[in-house]
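Inside the fold
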Amino acid sequence: MSTSTVAPPAPPAASVSPGRPKPGTARRLPSVKKVAVAAGAYIVAFVFLFPYIEMVLTALRPQEELREATLLPERFAWSNFVTFWSSGLSGNLLVSLQVAAGSTILVLLVALPAAYYTSRHDFRGRTAFLILVLITQMFQPTAMLVGIYREFYQFGLVDTVWSLILVNGGFNLAFAVWILNAYFASIPRELEEAAFIDGNGRMGTLFRITLPLAAPGVVTALIFTFIAAWNEFVVALTLTTSPENQPLTVALNSFIGQYQVDWQNLFAGSVIATIPVIILFALIEGKVVGGLTAGSIK
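Residues numbered from 1 in each chain as written. Predicted model: local features only at pLDDT ≥ 70, side-chain atom pairs only at ≥ 80, totals over all residues. Heavy atoms only, no water.

1. Describing empty space enclosed by the protein
Using the following cut-off: Definitions used throughout: a 1 Å grid over protein atoms alone; a cavity as a set of points that fits a 1.4 Å probe which cannot get out; a pocket as an open set with protein on both sides within 12 Å along at least five of seven lines; a lining residue as one with an atom within 4 Å of a point. Grid points are joined across faces, edges and corners, and a volume is the space filled by probe spheres set on the points. Think of it this way: any DSSP run of H or I at least four residues long counts as a helix, any run of E at least two long counts as a strand, and we number them from the N terminus.
Counted according to the given criterion, the structure contains one cavity of 30 Å³ or more. Taken together, Ser96, Val99, Leu164, Asn168, Ala229, Trp230, Glu232, Ala236, Pro247 and Thr249 form the lining of the largest cavity. Within the residue set of the lining of the largest cavity, elements represented by two or more residues are helix H3 (89–120), helix H6 (161–186) and helix H9 (215–231).

This is the structure we're talking about:
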């Protein structure tokens, strides 16, 4: 009677991660094209970041080193940032936050229902309405500055934070409507119909189904409105006269005198002014790309 022999199981193969070469094989060098693209990307990034680097270094230079052509200051003057807070500009920073946040909330409250309705209803005059919204984006606030000032003067809103919120909200509304309209249109209507069958109403479907799916578009409208309101200068310079009611972009002019400019403190304030926008954009950058590409892929 023959006995069959069973071969022992083979040892498990060594696991190799996809990004690493197999043992015993030579590591493949990147192609010339990849090296050239990477080098070009780093050069472009450096070109865009160099003004910010120079701004930070100038903010840290003492007064006696401002005209020296050195890359780094010999002594870092951190007191320039202390001077910024002691000069009372922290209140203007708070005004900028109020204007940017208030304009963003106002834009979202108006643009969300307008964009949702135009994307879900094919009413008469829909195309004309969207074109009219786009045309309003072509007007610059500086072209209507006299009319804007006269209108707010008649309503008694000159030199108030509310006037800046209304103006910035109005001029950023068109962009938000177009972005949100494109994103709402890219969401299948069948999802909402299924929610209706499950017993959800119009508002319940909007808040539970549509808005969560449209989050990248909402975030895109939010970040662009916030940045535009945060950086606005001309209208704020015209509508505000009291130093305590001016946003930071206007208040920084106090470092620019008739015969000299306080460069180190001016750049210190500029560095502080960029921090909130950088933090906000870093937190929601991933959703901004999805919101900008909404509607481009069918």
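More follows now that the structure is in view.
2. Here's the deal with the layout of surface pockets
Definition in use: Classification used: nonpolar for Ala, Val, Leu, Ile, Met, Phe, Trp, Tyr, Cys and Pro, charged for Asp, Glu, Lys and Arg, polar for all others including Gly.
The computed volume of the largest pocket comes to approximately 450 Å³. Considering the residues around the largest pocket, the lining is formed by 14 residues, among which Tyr52, Asn231, Ser270, Ala273 and Thr274 are closest to the centre. For the lining of the largest pocket, the elements supplying multiple residues, two or more each, are helix H1 (32–59), H9 and helix H12 (263–292). With seven residues, the single largest contributor to the lining of the largest pocket is H12. Of the residues contributing to the lining of the largest pocket, the split by class is 10 nonpolar, four polar and no charged.

3. Description of the packing of aromatic side chains
For clarity, the threshold we go by: Any two rings among Phe, Tyr and Trp, with Trp reduced to its six-membered ring, count as a pair given centres within 6.5 Å; such a pair is stacked if its planes are under 30 degrees apart, edge-to-face if over 60, and tilted if neither. Remark: exposure states derive from per-residue accessible area (1.4 Å probe, protein chains only) relative to the maximum for the residue type, with buried under 20%, exposed over 50%, and partly exposed in between.
Applying the stated criterion across every chain, the model contains five aromatic pairs. An angle of 50° between the planes, with centres 5.6 Å apart, marks the rings of Phe46 and Phe50 as tilted. Separated by four residues within a single helix, Phe46 and Phe50 lie in helix H1, roughly one turn from each other. Phe46 sits in the partly exposed class, given a relative accessible area of 48%.

4. Here we look at H1
Each α-helix turn comprises 3.6 residues. Residues three or four places apart therefore point the same way. We count it as follows: To estimate how far a helix should extend, the number of its residues minus one is multiplied by 1.5 Å. We define the bend at any residue as the angle between the axes fitted to the seven residues before and including it, ending there, and the seven starting there.
In a regular helix each residue adds 1.5 Å, so 28 residues correspond to 40 Å; H1 covers 40 Å between its end C-alpha atoms and thus fits that length. The sharpest bend along H1 reaches about 40° and sits at Leu49, with the proline Pro51 one to four residues further on. All buried positions along H1 are accounted for by Met55, Leu57, Thr58 and Ala59.

5. Side note on the nonpolar core
Heads up, the condition is: Only buried residues count toward a nonpolar core. Its members are Ala, Val, Leu, Ile, Met, Phe, Trp, Tyr and Cys residues joined through side-chain atoms within 4.5 Å.
In this structure, Phe81, Phe84, Leu89, Trp230, Leu248 and Leu252 are the most contacted members of the largest nonpolar core, which totals 21 residues. Those elements that place two or more of their residues in this core are H1, helix H2 (79–86), H3, H9, helix H11 (248–251) and H12. Broken down by element, the residue count for this core peaks at six residues, all from H12. Grouped together as the second largest cluster of nonpolar side chains are 17 residues, Ala111, Tyr116, Phe184 and Leu206 included.

6. Focus: the UniProt feature "transmembrane region" (unreviewed entry) in the chain
Rules: UniProt positions are given in the numbering used here, feature names are shortened, and annotations may be inferred rather than shown by experiment.
Summarizing the sequence annotation, UniProt attributes the feature "transmembrane region" (unreviewed entry) to residues 35–53, 93–117, 129–149, 161–185, 206–230 and 266–284 in the numbering used throughout. End C-alpha to end C-alpha, residues 93–117 measures 36 Å, and it is 100% helix and 0% strand.

7. Concerning the side chain of Ser163
For clarity, the threshold we go by: In the analysis that follows, any N or O atom pair within 3.5 Å is treated as a polar contact, provided that within protein one partner can donate a hydrogen and the other can accept it, and provided that, for residues neighboring in sequence, both atoms belong to side chains. Throughout, a contact is declared for two residues whenever any of their heavy atoms are within 4.5 Å.
Looking at where Ser163 falls in the secondary structure, it is placed in helix H6. Taking relative accessible area as the criterion, Ser163 reaches 0% and is therefore assigned buried. Looking at Ser163, its side chain comes within polar contact range of the main-chain oxygen of Leu157, at 3.3 Å. Contacts of Ser163, omitting those with residues within four sequence positions, involve Phe152, Leu157 and Leu239.

8. Quick notes on the side chain of Asn92
Inspection of the secondary structure assignment puts Asn92 in helix H3. A polar side-chain atom of Asn92 sits 2.7 Å from the main-chain carbonyl oxygen of Pro243. With sequence-adjacent residues up to four places away left out, Asn92 is seen in contact with Pro243, Glu244, Gln246, Pro247, Leu248 and Ala251.

9. Description of a nonpolar patch on the surface
Rules: Like charges within 9 Å and nonpolar side chains (Val, Leu, Ile, Met, Phe, Trp, Tyr) within 5 Å are joined into patches, using only residues over 30% in relative accessible area that form no salt bridge. Each accessible area value is a Shrake-Rupley result obtained with a 1.4 Å probe; residue values ignore everything except the protein chains displayed when judging cover. Each reported salt bridge corresponds to a side-chain nitrogen of Lys or Arg within 4 Å of a carboxyl oxygen of Asp or Glu.
Taken together, the side chains of Ile43, Val44, Phe46, Val47, Phe48, Leu49, Phe50, Tyr52 and Ile53 make up a nonpolar region of the molecular surface, amounting to roughly 920 Å² of accessible area. In this structure, Val44 sits in helix H1. Taking the relative accessible area as the measure of exposure, Val44 reaches 44% and is therefore partly exposed.

10. Brief notes about the environment of Leu166
Along the polypeptide, Leu166 turns up in helix H6. In the structure, Leu166 is positioned 63 residues away from Ser103 in sequence and 6.7 Å away in space, judged by C-alpha atoms. What Leu166 contacts, discounting residues up to four positions off in sequence, is Leu106, Phe152 and Leu157.

11. Here's the deal with unusual backbone geometry
Not every positive phi belongs to a glycine, and Asp159 is a case in point at roughly 65°. Note that Asp159 resides in the loop between helix H5 (145–154) and H6.

12. Topic: the environment of Ile187
As for its position among the elements, Ile187 is in the loop between H6 and helix H7 (189–197). Owing to a relative accessible area of 6%, Ile187 belongs among the buried residues under this scheme. Placed 26 residues apart in sequence, Ile187 and Leu213 show a C-alpha to C-alpha distance of 7.5 Å. In contact with Ile187, other than residues within four places in its own chain, are Arg120, Thr210, Leu213 and Ala214.

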